[in-house]
Every structure is written in structure tokens, then in C-alpha cells.
Amino acid sequence: ASSFARMFVQVCLYFYCKCLWRCLKFVVRKLTGQCELQRICYNTKPGAARTMKIEASLKGSKSKRLQTSVNVHPDAIEKTIDDIMELKRINPDINPQLGVSLQACLLQIVGYRNLIAEVEKLRREPYDSENPQHEEMLLKLWKCLKPNSPLKARISKQWCEIGFQGDDPKTDFRGMGLLGLYNLVYFAEWDTEIAQQVLSDSLHPKYSQLSKAEWEKKKFDKAIGYSFAIVGINITDLAYNLLVSGALKTHFYNVAPEAPTLTHFQQTFCYLMHEFHKFWIDEDPLDIMEFNRVREKFYKRILKQLQNPEMALCPHFAASESLINM
């Protein structure tokens, strides 16, 4: 009986708040002469804060046309903006900037949805050793990370030197499919110096003053290091979860003036790899068995950062100046 009463009260509160909210919106519109979309665009600066409010407003609208506007094809955005202005009885000649602002927001909202689809497609595509493009990418990864050490054979123990588990890396991509390889290659090709440094650090104990040869000769515990490629695939999984959960909206809406792309996702992966490496060192784990604990703690830290609407994980990938005037 008590649980039923509790549920009944919650339902009543839900409908009361919903009706109250709609009434409040109606009163504010009458007082200001502006609809909610106008108030958001005029009173919130461009970026995640504005786009997320616009997204919530459209999704929460009682109008089906507004609700579905966040799911349109990119080519239909201009027409959608015209429909919204007409539905809201907003004169585009008197409010020219509103259409520009709404278009920028919709490009980000629709672009984020499309990015999830693109990333998901890569994640679901398995590595195929019979595919020349897949093989070419894998070999590029080796060349970028080990430019002075030629790969002696396609199936080789050498792959363990960059953090794969066995003679053939294809088996390690099962969890993240081609997405894991795409990210690793991007990191190695575009952030080569940092990628090579992270790889080098991952192969050495943290505080050793010995050379690698001396260290291996003395058979010191290597547990303080980690497998670079395997961790890269794991951080790809972390980035993927941040993306599909919507947590990365804060970052992407702040750095992409229009639609976020796969390149934005890969740049974010590079940032996460670099930051995780520093975090791993700061955490000073006893051995590799602590990896899941450290990873979970790192994940929670990134999630907390992304709760800030001003957050941009990669400041050097800041949005273009044109965003300021939208």
C-alpha cells in the first residue's frame, strides 16, 4: 500500500510540474514577447550551454514537428529552421540572427547523432587480414611507432613490442573492431612524438635509472608498465562509451562550430591516451592487475569534467572564431 501511495504521489507531482512548467513558459512568453528558443539563443552564449538547452527544448516540446527536428538529415536543416520559425510565428526579417543561431545548434545536434552512427559502424566492422586496406593501416601503425625497426614478418613476435598480445594483432581488435585500429593509427600518425613517448614509457619501469637492456637482464618486475596497443583499444572503448552516453556533447559542442566529425573523436582519443598515461603514473599502481581500478577512476574524473558546460577536453582544438558571432 505504501509503495502504491508513493507511486501515486510521484505521478501527481510529475503531471503537476509538467502543467506548471507549461503555464510558466506561457506566462514568460507573454511577458517577454519571446518563445523559449529565442530566450535561449539571446541569453546564452554559443557552445555547449546553448546547444544543450536548445536540444532539451526541442525534445521536450509538445509539438511533434519540433521533437523530430533534432533527427533530420543535415541537408534538411535549413528547411527545418524555416518550419520552426513559422511554427513559432517568428518573423525572420526581424530576427535574422535567430535562424543563424538555431542552424548552428541543429548542425551540432544532428552531427553528434551521425557521428555516433559512423563510430558504431567502425566498431562493428571486424579486422580482416584479407582486406588490403586493413593490412595497410596495421603496417602504418608499426612504421609510425617503430620507424627505425623494420617488421621482419607479418606474423611476428615483434608486435608485442608495441603492446599487442601475440604474433598477430588481428585477434586483439575483436572488442572495438576497426575503430580501435583507426584511433591507434591516428594517434601514431598525427601525434607521433607523444605516441612514441607513451609507448617508450609503457615499456619501462617508472623510476628505473637503468637502460632497457640492463633492466631486462636483471629481470625486474615489468608490471608497472602496460601494453600500449591493448590500452589504446581499451581507451577507445572508454571514448566510445563517453560518446554514446552523450557525455561528450559538452566537449564537442564547445569545440566543433558545426557538426562534430570522426576527426574530432580521434583527437579526443589522443587527448585521453595522453591524459590516461599521466594519470597511470600519478596513481602509482602496484601492478597491471590494478588497471581496471585506475581506468574506472580515470573514467569518473573525465565524466566529472564533462559535467561543466564550459568544458573542452582539448583546448588546442578550440572552435573557430566564427562561432562567437552565431
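The name an unreviewed UniProt entry assigns to the protein is ELMD1 protein, from the organism Pachyramphus minor.

Colleague: Could you clarify how one ought to interpret the overall build of the protein in this entry?
Modeller: Counting its secondary structure elements, the protein contains 14 helices and 0 strands. If you list the helices and strands of the protein from N to C, you get α-α-α-α-α-α-α-α-α-α-α-α-α-α. Burial analysis of the protein (326 residues in total) assigns 44% to the buried set. A separation of at least 24 residues holds for 67% of the contacts in the protein among residues at least 6 apart in sequence.

Colleague: So what exactly am I meant to see when it comes to the nonpolar core here?
Modeller: A general trend in soluble globular proteins is that nonpolar side chains are found buried together. I54, L102, L141, L181, L242, F265 and L272 are the most contacted members of the largest nonpolar core, which totals 84 residues. At 11 residues, helix α6 (residues 96-124) tops the list of elements feeding residues into this core. Formed jointly, this core draws a minimum of three residues from each of two domains, domain 1 (34-123) and domain 2 (129-307). Those residues in contact with L181 that lie beyond four places of it in its chain are Y127, H134, M137, L138, L141 and F173.

Colleague: Help me out: how do you make sense of the packing of aromatic side chains in this one?
Modeller: Working definition: an aromatic ring pair is given by the centre-to-centre distance plus the angle between the planes. Per the counting criterion, the structure on display carries 16 aromatic pairs. Between W142 and W159, the aromatic rings sit 5.6 Å apart at their centres with planes inclined by 75 degrees, giving edge-to-face as the arrangement. Within this pair, whereas W142 is found in helix α7 (residues 132-145), its partner W159 is found in the loop between α7 and α8 (177-190), the two being separated by 17 residues in sequence.

Colleague: I tried to follow the environment of R113 on my own but got confused; where do I start?
Modeller: Summarising the element assignment, R113 is placed in helix α6. Judged by its relative accessible area of 29%, R113 falls in the partly exposed class. Separated by 146 residues in the primary sequence, R113 and A259 have C-alpha atoms spaced 9.5 Å apart. Within the structure, R113 has its side chain in polar contact with the backbone oxygen of V72 (distance 3.2 Å).

Colleague: Could you clarify how one ought to interpret the pattern of salt bridges in this entry?
Modeller: Two side chains that carry opposite charge are able to pair once their charged atoms sit near each other. Counted under the stated rule, the structure contains 18 salt bridges. For R123, the salt bridge goes to E120, with nearest N and O atoms at 2.8 Å. One end of the pair, R123, and the other, E120, are both in helix α6, 3 residues apart, so they sit about a helical turn from each other. The partner of E120 in a salt bridge is R124, and the shortest N-O contact between them spans 2.7 Å. Taken together, the residues span about one helical turn, with E120 and R124 both in helix α6 at a distance of 4 residues.

Colleague: Would you mind going over helix α9 (residues 192-202) with me for this structure?
Modeller: Residues lying three or four places apart along an α-helix face the same way, a consequence of the helix completing one turn every 3.6 residues. Restricting attention to buried positions, one finds in α9 the residues A195, V198, L199 and S202. Taken around the axis of α9, the buried residues stretch over an arc of 100 degrees, which confines them to a single face. Residues of α9 that are buried in the fold lie against α7, α8, α11 (228-244) and α13 (262-283).

Colleague: In this structure, what is going on with the environment of E78? I would like to understand it.
Modeller: In this structure, E78 sits in helix α5 (residues 77-87). Assessed through its relative accessible area of 54%, E78 is described here as exposed. Placed 21 residues apart in sequence, E78 and G99 show a C-alpha to C-alpha distance of 8.7 Å.

Colleague: Looking at this structure, how should I read the confidence of the model for the protein?
Modeller: Low pLDDT means the predicted coordinates in that region are not meant to be read closely. Chain-level statistics for the protein give a pLDDT mean of 86 and a share of 83% at 70 or above. Across the protein, α11 holds the top mean pLDDT of 98, while helix α10 (residues 212-217) sits lowest at 54. Segment residues 27-31 is flagged for pLDDT under 50; beyond a separation of four residues in sequence, or across chains, it makes 6 contacts in the model. Across residues 218-223, confidence stays below pLDDT 50; counting only partners more than four residues off in sequence or on other chains, it has 8 contacts.

Parameters at a glance
Residues numbered from 1 in each chain as written. Predicted model: local features only at pLDDT ≥ 70, side-chain atom pairs only at ≥ 80, totals over all residues. Heavy atoms only, no water. Helix = DSSP H or I, 4+ residues; strand = E, 2+ residues; numbered from the N terminus. Buried < 20%, exposed > 50% of the residue type's maximum accessible area, 1.4 Å probe, protein only. Contact = heavy atoms within 4.5 Å. Core = buried A, V, L, I, M, F, W, Y, C linked by side-chain atoms within 4.5 Å. Domains from an automatic or database assignment. Phe/Tyr/Trp six-rings, centres within 6.5 Å; stacked < 30°, edge-to-face > 60°. Polar contact = N/O pair within 3.5 Å; in protein donor to acceptor, adjacent residues only side chain to side chain. Salt bridge = Lys/Arg side-chain N within 4 Å of Asp/Glu carboxyl O. Arc of directions from axis to C-beta. pLDDT = per-residue confidence, 0-100.

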